[in-house]
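# Examining the three-dimensional arrangement
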Amino acid sequence: MSNFRLIFGFHAVTSRLRQNPGSIKEIFLDPARRDQRARDLAKLAEDQGVRLISCDNTRLAGMAGDARHQGVAANIDASRSHVDIEDVLDTLTEPALLLVLDGIHDPHNLGACLRVADAFGVHAVIAPKDRAVGLTATVHKVASGAADAVPYISVTNLARTLRELKQRGISVIGAAADADSDLNSVTLNGPIAWVLGAEEKGMRRLTRETCDWLVSIPMLGSVENLNVSVSAGICLFETHRQRVRSTAT
């Protein structure tokens, strides 16, 4: 059985080119795309020695089915998809934005978190190898392509990984309902790793203690907690909003 499969969209293909070019067999690009984004991708493919094939929109649409292709697709070797966090961080030209998930067992929750991560430009999702659902078929289905767009990195020791992120200048912020500070009172500048636990139990004790600080999401209604993907979306949106505002001033 072949390990090759297609991924679609500029985010997914560009991320793969930067972090794991050896896993790409070929890239299909619509020649009608002459914008800067397409030119940058073509240049990156050339630099990485990846074959670029001209492919019109009709053929790409047939390849993509229900997926949104944006004029680009890549044929990848799924057996060579593994990347380390260093592979991601070493290729960044902007402040890191990471999502760390501690104890997510529901594949629907993980798939939704990956979609949220993709929507807000997260560079990688990190989770422990144990006590976590992993990238199952259900996760891929719920993620609707985001599992290919956002690197998913399983680590043996989550607390140690968080300490290593801190050593690289990344602020590790945990979302916790009982935190003294809330999302409205924190400044979210520079490299950030958001840490969220499952809605039933939250983060594990050691994960929580390893965070630089804890932040709660303001809640106005009677519900005590939110689904983890909803919480992730709120935290990531606020980070994105503050970053856009800081670059505009």
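Everything below is about the structure shown above.
Residues numbered from 1 in each chain as written. Predicted model: local features only at pLDDT ≥ 70, side-chain atom pairs only at ≥ 80, totals over all residues. Heavy atoms only, no water.

## Let's talk about the overall build of the protein
Stated formally: Here a strand is any run of E in DSSP of at least two residues, a helix any run of H or I of at least four, and the numbering for each starts at the N terminus. Using C-alpha atoms as the atom set, the radius of gyration is obtained and then compared with a globule rule of 2.2 Å times the number of residues to the power 0.38. We call two residues in contact whenever any of their non-hydrogen atoms come within 4.5 Å of each other.
Regarding its fold elements, the protein presents 10 helices and 11 strands. The C-alpha atoms of the protein give a radius of gyration of 19 Å, which matches the 18 Å a tight globule of 249 residues would have. Dimensions of the protein, computed from the C-alpha atoms along their principal axes, are close to 55 × 45 × 35 Å. In the protein, 80% of the contacts between residues at least 6 apart in sequence involve partners at least 24 apart.

## Focus on the packing of helix α1 (residues 10–19) against helix α2 (residues 36–48)
Keep this limit in mind: Lines fitted to C-alpha atoms define the axes, with helix axes restricted to the stretch in contact, and inter-axis angles between N-to-C directions lie between 0 and 180 degrees. Oblique is the label for every angle not falling under 35 degrees (roughly parallel), over 145 degrees (roughly antiparallel), or within 65 to 115 degrees (roughly perpendicular). In a left-handed crossing the near helix is turned counterclockwise from the far helix by less than a right angle, and in a right-handed crossing that turn is clockwise. For this classification, the nonpolar set comprises Ala, Val, Leu, Ile, Met, Phe, Trp, Tyr, Cys and Pro, the charged set comprises Asp, Glu, Lys and Arg, and every other residue, Gly included, is treated as polar.
At their nearest, the axes of α1 and α2 sit 10 Å apart, and the two run at 25° to each other. When the axes of α1 and α2 are compared, the pair comes out roughly parallel. Both α1 and α2 take part in a crossing whose hand is left-handed. Residue-level inspection shows F10, H11, V13, T14, L17 and R18 of α1 in contact with α2, the latter providing R37, A38, L41, L44, A45 and Q48. Of the residues assigned to the contact of α1 with α2, the class counts are seven nonpolar, three polar and two charged.

## Looking at the pairing of strand β3 (residues 51–54)
Defined as follows: Strands qualify as paired when DSSP identifies two bridges or more between them. Look down the strands so they point away from you; if going from the first strand over the helix to the second traces a clockwise path, that crossover is right-handed.
As judged from the four bridges shared by strand β2 (residues 24–29) and β3, these two strands associate in the parallel manner. Note that in β3 the partner of F28 across the bridge is I53. Taken together, β2, α2 and β3 form a β-α-β motif whose crossover is right-handed.

## Observations concerning the environment of A179
The following threshold applies: Residue burial is assigned from relative accessible area. The probe radius is 1.4 Å, only protein chains are included, and a residue is buried under 20% of its type maximum, exposed over 50%, and partly exposed in between.
By the secondary structure assignment, A179 is in the loop between β8 (171–175) and β9 (181–182). Residue A179 is classed as buried on the basis of its relative accessible area, which comes to 14%. Considering only alpha carbons, one finds A179 and V215, 36 residues apart in sequence, at a separation of 5.2 Å. Non-local contacts of A179, meaning those with residues more than four positions away in its chain, are made with L214, V215 and S216.

## Structural notes on α2
The criterion, for reference: A helix is expected to span 1.5 Å for every residue after the first. The arc in question is the one spanned by the directions pointing from the helix axis to the C-beta atoms. Side-chain atoms alone can form a polar contact between residues adjacent in sequence; in general such a contact is a pair of N or O atoms within 3.5 Å, and within protein one must be able to donate a hydrogen while the other accepts it.
The terminal C-alpha atoms of α2, which comprises 13 residues, lie 18 Å apart, in line with the 18 Å expected from a rise of 1.5 Å per residue. Within the sequence span of α2, burial applies to A38, L41, L44 and A45. The arc that holds every buried residue of α2, seen down its axis, measures 125°, which confines them to one face. Its buried side turned inward, α2 meets α1, β2, β3 and β4 (72–77). Near the N-terminus of α2, the side chain that reaches the backbone nitrogen of R37, with its oxygen 3.2 Å away, is that of D35. Backbone geometry just downstream of α2 places G49 in the positive-phi region, at approximately 70°.

## Examining the side chain of D102
On the secondary structure map, D102 appears in strand β5 (residues 97–102). Polar side-chain contacts of D102 include one of 2.9 Å to the side chain of R204. The residues touching D102, leaving out its near neighbours within four places in the chain, are P128, L158, L196, G197, A198, G202, M203, R204 and T207.

## Points about the environment of T207
Relative to the helices and strands, T207 is located in helix α9 (residues 205–210). The buried category is assigned to T207, whose relative accessible area is 2%. Remark: the alpha-carbon pair of T207 and A159, spanning 48 residues in sequence, is separated by 5.5 Å. In contact with T207, other than residues within four places in its own chain, are D102, L158, L162 and V195. A polar contact of 3.0 Å, which involves the side chain of T207, links it to the side chain of D102.

## Digging into the sheet that holds strand β1 (residues 4–8)
Strand order in the open sheet made by the four strands is β1-β4-β2-β3, with mixed pairing throughout. The sheet is open, and its two edges are formed by β1 and β3, each paired on a single side. Pairs of neighbouring strands in the sheet enclose a mean axial angle of 25°, with direction left out of account. Here α1 sits on the sheet in contact with β1, β2 and β4, set at roughly 145° to β2. Against the sheet, α2 makes contact with β2, β3 and β4, and its axis sits at roughly 155° relative to β2, the strand it touches most.

## What to know about the packing of aromatic side chains
Where two aromatic rings form a pair, the distance of their centres and the angle of their planes describe that pair. Just so we agree on the cut-off: Only centres within 6.5 Å qualify two rings of Phe, Tyr or Trp (six-membered ring in Trp) as a pair; their planes then separate them into stacked at under 30 degrees, edge-to-face at over 60, and tilted for everything else. Only when the NZ of Lys or the CZ of Arg is both within 6 Å of the ring centre and within 35 degrees of the ring normal is a charge said to sit over the ring.
On inspection of all chains with the given rule, the structure shows one aromatic pair. Arranged with centres 6.1 Å apart and planes meeting at 70°, the rings of F120 and F237 form a pair that is edge-to-face. Of the two residues, F120 sits in the loop between α5 (107–119) and β6 (124–128) while F237 sits in helix α10 (residues 228–248), which places them 117 residues apart along the sequence. Over the face of the ring belonging to F4 we find K25, whose NZ or CZ atom lies 5.4 Å from the ring centre.

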